[in-house]
Amino acid sequence: MDPSPETLLTALRSVKYPGFSRDIVSFGLVRTTEARDGVARARLEVTTVDPAIPKKLHDDAMAALQGVPGINRAEVEVAVKIPPKTPAAASAGHTAALPSQLQKVRYHLAVASGKGGVGKSTFAVNLACAFAQLLAKGGGPRGVGLMDCDIYGPSTPLMLGVNTRPEIEGEMLQPVENFGVRLMSLGLLIDEDTPVAWRGPMVMKTIQQFASQVAWGELEILVVDLPPGTGDAHITLAQTIPLSGAVIVTTPQLAAVSVARRGAMLFDKVNVPLLGVAENMSFLENPDGTRQHIFGEGGGPRAAIDLKTEFLGQVPLDPRVRAGGDRGIPVVISHPDTLAGQAFIGIAERLLHKLRHPQANA
């Protein structure tokens, strides 16, 4: 008996698209499969200008199908489409500093921290959702994007409640969307249990791909969640995207603040405006309204003064922030009227104003 089309598809799931860890089936490149008289046939369709990609897909698909029990021979057809030229590429002599996929993004905002453990990604997710809510109230047509460049700990898909794989159309990855935020993250492209043990060049390549090979569309603001510290990712981002500004996330204790100051200085060296400092996990409010400053007090404002920038606000410790991240419903969405929810919304309002009125940063 010949194998079923589903069996052939299972075999083809072992074929990865060049440059990605995702398989050609989940990318939607397999158009037809059939087996008859011991011959397996598959038709693939890919849009690319790179001649090496169709050959690689053909050879890998052939090998995968020939390994299926009951198959004596495999035939694989790879249909190649040439992507249309974008207006930017078609215009003679056009040299844009910005990747073409980001030319419809009005503002690019980096969210950074000098060290890990300050809740930076949680902050970035809630900030993006707060931006989306503010823009929706204003009735503007542009959306919000979240580029997760925290390569070693890509947790934003979980916190944004996204578990679907992004599609690929032509050579462009399509961001997934939830709560009005378009997301691209390495966490969407690798298996959940796959460790990320990459050196600098792979990190830089991923950031460049997220900037140039993701169809972000028209966005008012793209929030970029950076890894903690200062290193390859930060420098590559500054070289790839003309950032509109950066926000530093810290916690109140002195150890976090001193590291945050060093992290902020990197943006000054690459001529990225520092829009402000936000303090996370600032205090725990008791039922009677009193506050416990578990991690100390005053670190965020002190860092802002040292860096000669604005202190954007405090986000309190709230179990609902943690629970929202675990459930994939950020606190800005689930409990917008809480102190934490209002803190994120207030910080988003201030940042949006500073982006739209850069003279206020002087």
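Source: prediction; values computed, not measured.

### Some points on the pairing of strand β12 (residues 274-285)
For step 1, the next point in the chain: With nine of its twelve residues buried, β12 lies for the most part within the structure.
For step 2, the next point in the chain: Of the strand pairs in this sheet, strand β11 (residues 245-250) and β12 are connected by five bridges, and their pairing is parallel. For Val-249, the partnering residue across the bridge sits in β12 and is Ala-278.
For step 3, the next point in the chain: As paired strands, β12 and strand β14 (residues 311-317) are joined by five bridges and run parallel to one another. Considered in β14, the bridge of Val-277 is made with Phe-311.
For step 4, the next point in the chain: Bridge count between β12 and strand β13 (residues 291-292): two bridges; the pairing is antiparallel. By the bridge assignment for β13, Leu-284 is matched with Gln-292.
For step 5, the next point in the chain: What sits between β12 and β13 in their antiparallel hairpin is a turn of five residues, with Gly-289 showing a positive phi close to 95°.

### Describing unusual backbone geometry
For step 1, the next point in the chain: One non-glycine residue, Phe-179, lies in the positive phi region at around 55°.
For step 2, the next point in the chain: With respect to the helices and strands, the residue Phe-179 is situated in the loop between β8 (176-178) and β9 (181-185).
For step 3, the next point in the chain: Even without a glycine there, the phi angle at Lys-308 is positive, about 55°.
For step 4, the next point in the chain: By relative accessible area, Lys-308 is classed as exposed at 77%.

### As for the sheet that holds strand β2 (residues 39-47)
Think of a sheet as strands paired side by side through backbone hydrogen bonds, with each pair either parallel or antiparallel.
For step 1, the next point in the chain: Taken in spatial order, the three strands make up an open sheet running β1-β2-β3, and their pairing is mixed. A strand with exactly one partner marks an edge of an open sheet, and here the two such strands are β1 (30-36) and β3 (73-81). On average, each strand axis in the sheet is inclined to that of its neighbour by 10°, with strand direction left out of account.
For step 2, the next point in the chain: As paired strands, β2 and β3 are joined by nine bridges and run parallel to one another. Residue pairing across strands places Val-39 opposite Arg-73, the latter belonging to β3.
For step 3, the next point in the chain: The strands touched by helix α1 (residues 5-12) within the sheet are β1 and β2, with β1 carrying the most contacts at an inclination of about 125°.
For step 4, the next point in the chain: Strands β2 and β3 of the sheet are contacted by helix α2 (residues 52-66), whose axis makes an angle of about 155° with β3.

### Overview of the packing of aromatic side chains
For step 1, the next point in the chain: Enumeration according to the criterion identifies one aromatic pair in this entry.
For step 2, the next point in the chain: The ring of Phe-283 is capped by Arg-291, whose NZ or CZ atom sits 3.9 Å from the centre of that ring.

The rules we used
- Residues numbered from 1 in each chain as written.
- Predicted model: local features only at pLDDT ≥ 70, side-chain atom pairs only at ≥ 80, totals over all residues.
- Heavy atoms only, no water.
- Buried < 20%, exposed > 50% of the residue type's maximum accessible area, 1.4 Å probe, protein only.
- Helix = DSSP H or I, 4+ residues; strand = E, 2+ residues; numbered from the N terminus.
- Pairing = 2+ DSSP bridges.
- Axes fitted to C-alpha atoms, helices over the stretch in contact; angles between N-to-C directions.
- Contact = heavy atoms within 4.5 Å.
- Phe/Tyr/Trp six-rings, centres within 6.5 Å; stacked < 30°, edge-to-face > 60°.
- Lys NZ or Arg CZ within 6 Å of the ring centre and 35° of its normal.

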